Each structure stands twice: as C-alpha cells, then as structure tokens.
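Residue-level structure breakdown
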Amino acid sequence: ELLARGFAAYQVRIVGKEGAPIAQSLAISGGSIAALTPVWGENLSVLQKRGDDPAPKLEYHLPGSIKAPVFAGQRIGVGEAIYGGKVLASATLIAPAAVPLKPSLMQRLRAAL
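Residues numbered from 1 in each chain as written. Predicted model: local features only at pLDDT ≥ 70, side-chain atom pairs only at ≥ 80, totals over all residues. Heavy atoms only, no water.

**Some details on the packing of aromatic side chains**
Taken as a whole and assessed by the stated rule, the structure comprises 1 aromatic pair. Consider the rings of Trp40 and Tyr60, whose centres lie 6.1 Å apart with planes at 55°: the pair is tilted. Note that Trp40 is positioned in strand 4 (residues 39–40) and Tyr60 in strand 6 (residues 57–61), a separation of 20 residues in sequence. (Phe/Tyr/Trp six-rings, centres within 6.5 Å; stacked < 30°, edge-to-face > 60°. Helix = DSSP H or I, 4+ residues; strand = E, 2+ residues; numbered from the N terminus.)

Right, here's the structure in full:
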C-alpha cells in the first residue's frame, strides 16, 4: 500500500528529450557555419509530485564559443533541471552534426576553377 501511494503521488517527467534541440545556440569559430544549436545527448528526467504544474527551470552550461572542427555527437556542455533552487538532474548536451573547418582562400579559389 505504501508503494501504491508513492506511485500515485509522484511521476517521472521528461523535461529534455534525447535528440531535441535546446533553446540556446553556440558560436563556432573558424567553422563552415557560425553557430549551432546543441541537442540533448540523453533524456533529462525528474521525479516530480503529481499536480505540481510548473516545470523545472532549465539551465545550460556552455562555453562562449568552440573552435572548429566539431564532430557529430561531440559533448559540448551540460543542461540542468532546477526546481526550488536545487539541481534535480543533469544531462549532456551534444553537437547534432559535424561542422568542418571553414575552407581557406586557396581552397575556395581551387574549387572555383
């Protein structure tokens, strides 16, 4: 009966779905594109009391920028679920695709010929 009460009172809530983009972008220096939007590398889930409407606040810990090349699946930061000033859970943030180095002037001239 005690377990049944616990399951009835609490739920697991996914606040960051694996592969879904986050609400922040990251600058890339020297890359073929200027910025990318990281995605969740795994599900970010929290145990929450049923009936608690507000979702936890999400915080992202990313560097100011990263240097190219960036590889698909490369770990580039951490996302945290925060509720009541406490970190409930954290998950990795990854690059959704590879970002190669920006071609040099010589490479662009050769490609144009």
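**A word on the sheet that holds strand 6**
Spatial ordering of the open sheet is given by 4-9-8-6, a layout of 4 strands whose pairing is antiparallel. Sheet topology places strand 4 and strand 6 at the edges, where each strand pairs with a single neighbour. Where strand 6 lies against strand 8 (residues 75–83), 5 bridges are found, and the strand directions are antiparallel. Across the sheet, Leu58 pairs through a bridge with Ala81, a residue of strand 8. (Pairing = 2+ DSSP bridges.)

**Some words on the pairing of strand 8**
Of all 9 residues making up strand 8, 7 are buried, and the element is well covered by its neighbours. Relative to strand 9 (residues 86–94), strand 8 runs antiparallel, the two being bridged by 8 bridges. Paired with Tyr83 across the two strands is Lys86, which belongs to strand 9. (Buried < 20%, exposed > 50% of the residue type's maximum accessible area, 1.4 Å probe, protein only.)

**Re the side chain of Glu80**
Checked against the element boundaries, Glu80 lands in strand 8. The charged side chain of Glu80 is buried without a salt bridge, its nearest counter-charge being Arg75 at 9.0 Å. Glu80 has contacts with Leu44, Lys57, Leu58, Glu59, His61, Val87, Ala89 and Ser90, leaving out every residue within four places of it along the chain. (Lys, Arg positive; Asp, Glu negative; His and termini not counted. Salt bridge = Lys/Arg side-chain N within 4 Å of Asp/Glu carboxyl O. Contact = heavy atoms within 4.5 Å.)

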